[in-house]
Amino acid sequence: MYAQLVTTEGGTPREGMSDQERAFQERIDRNEKIEPKEWMPEGYRKTLIRQIGQHAHSEIVGQLPEGNWIGRAPTLERKAILLAKVQDEAGHGLYLYSAAETLGVSRDELLEALHSGKMKYSSIFNYPTLTWADMGAVGWLVDGAAIMNQVPLQRTSYGPYARAMIRICKEESFHQRQGYDIMMKMCAGTPEQKAMAQDALNRFWYPSLMMFGPSDKDSVHSEQSMAWKIKMNTNDELRQRFVDQTVPQAEYLGLTVPDPDLRWNEDKGGYDFSEPDWSEFYAVIAGNGPCNAERLGARVKAWEDGAWFRDGLMAHADKARARRVAAE
Amino acid sequence: MPSLPDVMTPALETLAPAGQPAPAPQEANRDALVEWLLRTGDNALILGQRLSEWCGHAPALEEDIALANQALDLIGQCQLWLGLAGAVEGRGRTADDLAFLRDAGAFRNLLLVERPNRDFGHTLMRQFLFDAFHLELLEAARASSDPRIAEIAAKAWKEAAYHLERSADLVVRLGDGSAESHDRMQAALAALWSFTGEMFTDDDHDRALADAGVMPLPSSLRPAWDRTVAQVLDEATLTHPGEVWQQGITDMGGGKRGVHSEHLGHLLAQMQFLQRAYPGARW
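Reading guide: rules and limits
- Residues numbered from 1 in each chain as written.
- Chains lettered and ligands numbered in written order.
- Predicted model: local features only at pLDDT ≥ 70, side-chain atom pairs only at ≥ 80, totals over all residues.
- Heavy atoms only, no water.
- Salt bridge = Lys/Arg side-chain N within 4 Å of Asp/Glu carboxyl O.
- Helix = DSSP H or I, 4+ residues; strand = E, 2+ residues; numbered from the N terminus.
- Buried < 20%, exposed > 50% of the residue type's maximum accessible area, 1.4 Å probe, protein only.
- Axes fitted to C-alpha atoms, helices over the stretch in contact; angles between N-to-C directions.
- Parallel < 35°, antiparallel > 145°, perpendicular 65-115°, else oblique.
- Left-handed = near helix turned anticlockwise from the far one by under 90°.
- Contact = heavy atoms within 4.5 Å.
- Nonpolar A, V, L, I, M, F, W, Y, C, P; charged D, E, K, R; others polar.
- 1 Å grid on protein atoms, 1.4 Å probe; cavity = no way out; pocket = protein on both sides within 12 Å on 5 of 7 lines; lining within 4 Å.
- Points joined across faces, edges and corners; volume = space filled by probe spheres on them.
- Lys, Arg positive; Asp, Glu negative; His and termini not counted.
- pLDDT = per-residue confidence, 0-100.

**Q** Account for the pattern of salt bridges, with residues named and values stated.
**A** Residues and elements named next belong to chain A. Per the stated rule, a full pass over the model turns up 39 salt bridges over all chains. The residue lysine 85 makes a salt bridge to glutamate 89 at a minimum N-O spacing of 2.9 Å. Separated by 4 residues within a single helix, lysine 85 and glutamate 89 lie in helix α5 (residues 76–101), roughly one turn from each other. A relative accessible area of 0% means that lysine 85 is categorised as buried. Take glutamate 89: its relative accessible area is 4%, and that puts it in the buried class.

This is the structure:
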């Protein structure tokens, strides 16, 4: 698949590359990993920073919709599991910021770009979590969609990113199972619980489909990213794979996917399904989702309120260093 | 008007689901033991709940992770302590029943752990003051003549030792940090100090357990706590608050007896919402 895409890149034939660029591309073609200190095209570095940074931001903003229910988790065990899950997400943010740092950008710079709105995070986290069933739906659908995206990225060309992804995928797969477990419990529960589960699916279905990004025909820069192996599949391929995997899971739960046009297509061996409302997607990306202001506002507030804490630790480190020097 | 102490709260029994299991054989000091287990379990539960409020809002990513981790340790400990409390009580109540179906007056946690988070300095200072007590308590509990207590304490002690190492280190670094961090830590210390005395008060339940050799008196833990606190505050360049009026230490007051601050009711309203709104549902 990858080789075909290189030829369809059109306008950037290999002959046009410098020796250095050609050698770089050939390493990627041979599935060699690119490591931090090695030469890389500026476009590769910048694209990776944007992609890894956005992923890291999604992990930390992603703490908020689930953090919203930690205090109200219905049992001690559910509370512990949800805490562990949200803690994992903060940990993913940490690995990813560290991976981005190997490309020459600091965590503080990336956070500044998030807080100023220059960098984005996944649109999905701008939707509210309204009932406990949303903790199930987020794990099942949102983490499920994330895994679809991230499993292939374990083979991505940039070494630190690929290695971070291996660890993240292990944890995400546990997250998805715990989400589905919540859904199973809700669907086997009281009529009210089952209704909550259906309502959660109704609200999270299309936003989950949006997580894969716009349709391939509208997706810019996809081909170059695929040539560099920092994107391994097209948006539509991953979305199709997600729908094909998820529909039987919904059926097993006895829930109805909120798409009247959803049906199995024998010829393509996959489901036909309705596209999400892309105008909503672009509105959410532009800052007009139901929770954009709260989510970003909460992150900015955490950062600003915490300035004295970070400054205090720096001041102590300076004092301690000065004392060590004085003692020498 | 203060809330009523728990001895005045009617119909506690009716909050418990009908207990199918046969009551456990009455053991010596059962009431005192149940009290102690509730106190220890409720401290972990309420502090864990408080810490988890920071999730996603901490001043640095490392702190988000650390606080969630501590909350997780405490929730895990509370499951063990409350589970044992229910078993010893012998009325068929599970740890979840105790956490989600008791009203405020039946909670036995210290006033200190229900204090609101306020700024991160308050949260860390509360943690340090509690951790220094918690470690001493668990140290003693590890040597309890009751093997069930000793077993849980052995696990919890390791976690508490790390919690104290972390909170003491941060108190030192922030106390001896910038002028602002110093002032915030000093203010937090002043605000929380009057909730520390309750940790070391002895009552009849405590005396019963001490007489039976199950746990030493809380007051006996004080000298070690005083030493730890004095040493850390000194290193942190913070001024020891000295003798000030202590909350919750009179015969009728204090979280240990179920007389809480206004804050606990709000915390429980949030924590117990689903169990209260959908009685009997399984999650």
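Additional details are given in the paragraphs that follow.
**Q** Quick one: what's the story with the packing of helix α3 (residues 61–89) of chain B against helix α6 (residues 120–142) of chain B, residue by residue and with numbers?
**A** Residues and elements named next belong to chain B. Relative orientation of the contacting elements α3 and α6 amounts to 40 degrees, with a least axis distance of 14 Å. The angle between α3 and α6 falls in the class oblique. Here the hand of the crossing between α3 and α6 comes out left-handed. Along its contact with α3, which presents Glu63, Leu67, Gln70, Leu74, Gln77 and Trp81, the element α6 presents Phe120, Thr123, Gln127, Asp131, His134 and Leu138. Here the residues of the contact of α3 with α6 are counted per class, giving 5 nonpolar, 5 polar and 2 charged.

**Q** An account of the layout of surface pockets is needed here, citing residue identities and associated values.
**A** Residue and element names in this part refer to chain A. Each pocket or cavity is described by its volume, and for the largest pocket that value is around 1500 Å³. The wall of the largest pocket is formed by 50 residues, among which Gln51, Gln54, Met211, Gly213 and Lys231 lie closest to the centre. Within the residue set of the lining of the largest pocket, elements represented by two or more residues are α3 (42–61), α5, α7 (133–153), α8 (159–187), α10 (222–227), α11 (235–253) and α12 (278–288). For the lining of the largest pocket, the leading source of residues is α7, giving 8 residues. Grouping the amino acids of the lining of the largest pocket by side-chain chemistry returns 21 nonpolar, 18 polar and 11 charged.

**Q** Describe in detail the side chain of Asp88(A), supporting the description with residues and values.
**A** Counting through the fold element by element, Asp88(A) comes out in helix α5. Buried and without a salt bridge, Asp88(A) has Arg167(A) as its closest oppositely charged side chain, separated by 7.6 Å.

**Q** Go over the confidence of the model for chain B, please, and point to the residues and values.
**A** Residue and element names in this part refer to chain B. Per-chain confidence: chain B averages 92 in pLDDT, with 91% of residues scoring 70 or above. Low pLDDT, under 50, characterises residues 1–17; the predicted model gives this stretch 24 contacts beyond four residues in sequence or across chains. The ipTM, which scores confidence in the relative placement of chains, is 0.93 for this predicted complex, and the corresponding pTM is 0.92.

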